[in-house]
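# Working through the structure, step by step
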Amino acid sequence: MATFMVLARYTHQGAEHVKASPERLEAVKKAFHTKGAEVKAFYNLMGEYDSLLIVEAPSDEIMAQLALGVESKGNVRTETHRAFSEAEFRKIVAGMS
């Protein structure tokens, strides 16, 4: 499973309905689960972004589908980054020529 950091910012719509965010988060977790992905952690943030999700997904393509699905609801805009564990990083560096 690949690991991803998903940073999110509320849209105007999402901020207007912020009290519904916990229910939306549960819906996201369920939707991700149906594609074989799992939200490993959620953090509410202060600063440039409003939230951070740590997600494990079967592939980049599945994660892209999930991120687009979240955005299509109109409550947040996301920025998704592939994250490599220390072991994955060591393997990447070891394979350099």
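A brief look at the structure comes next. In this text, all values refer to a predicted model and were calculated from it rather than measured experimentally.

This next bit is on the nonpolar core. One broad rule of soluble globular proteins: the nonpolar side chains tend to lie buried together. Ranked by size, the top nonpolar core spans 18 residues in total, and within it Phe32, Ala37, Leu53, Val55, Met63 and Leu66 carry the most contacts. Residue assignment for this core shows that the elements contributing at least two residues are strand 1 (2–10), helix 2 (21–34), strand 3 (51–57) and helix 3 (60–72). For this core, the leading source of residues is helix 3, giving 5 residues.

Note: strand 1 against strand 3, 7 bridges, orientation antiparallel. Across the sheet, the residue bridging to alanine 8 is serine 51, located in strand 3. Judged from the 8 bridges that link them, strand 1 and strand 4 (residues 76–83) form a sheet pairing that is antiparallel. Note that in strand 4 the partner of phenylalanine 4 across the bridge is arginine 82.

A few words on the pattern of salt bridges. Should their charged atoms come close, side chains of opposite charge can pair. Inspection of the entire model under this criterion finds 6 salt bridges. Arginine 9 is the partner of glutamate 48 in a salt bridge, and the nearest nitrogen-oxygen pair spans 2.6 Å. Of this pair, glutamate 48 sits in the loop between strand 2 (38–44) and strand 3 while arginine 9 sits in strand 1; the two residues are 39 residues apart in sequence, bridging distant segments of the chain. Across the salt bridge formed by glutamate 26 and lysine 29, the nearest N and O atoms sit 3.6 Å from each other. Of this pair, glutamate 26 and lysine 29 both sit in helix 2, 3 residues apart, roughly one helical turn.

Parameters at a glance
Residues numbered from 1 in each chain as written. Predicted model: local features only at pLDDT ≥ 70, side-chain atom pairs only at ≥ 80, totals over all residues. Heavy atoms only, no water. Core = buried A, V, L, I, M, F, W, Y, C linked by side-chain atoms within 4.5 Å. Buried < 20%, exposed > 50% of the residue type's maximum accessible area, 1.4 Å probe, protein only. Helix = DSSP H or I, 4+ residues; strand = E, 2+ residues; numbered from the N terminus. Pairing = 2+ DSSP bridges. Salt bridge = Lys/Arg side-chain N within 4 Å of Asp/Glu carboxyl O.

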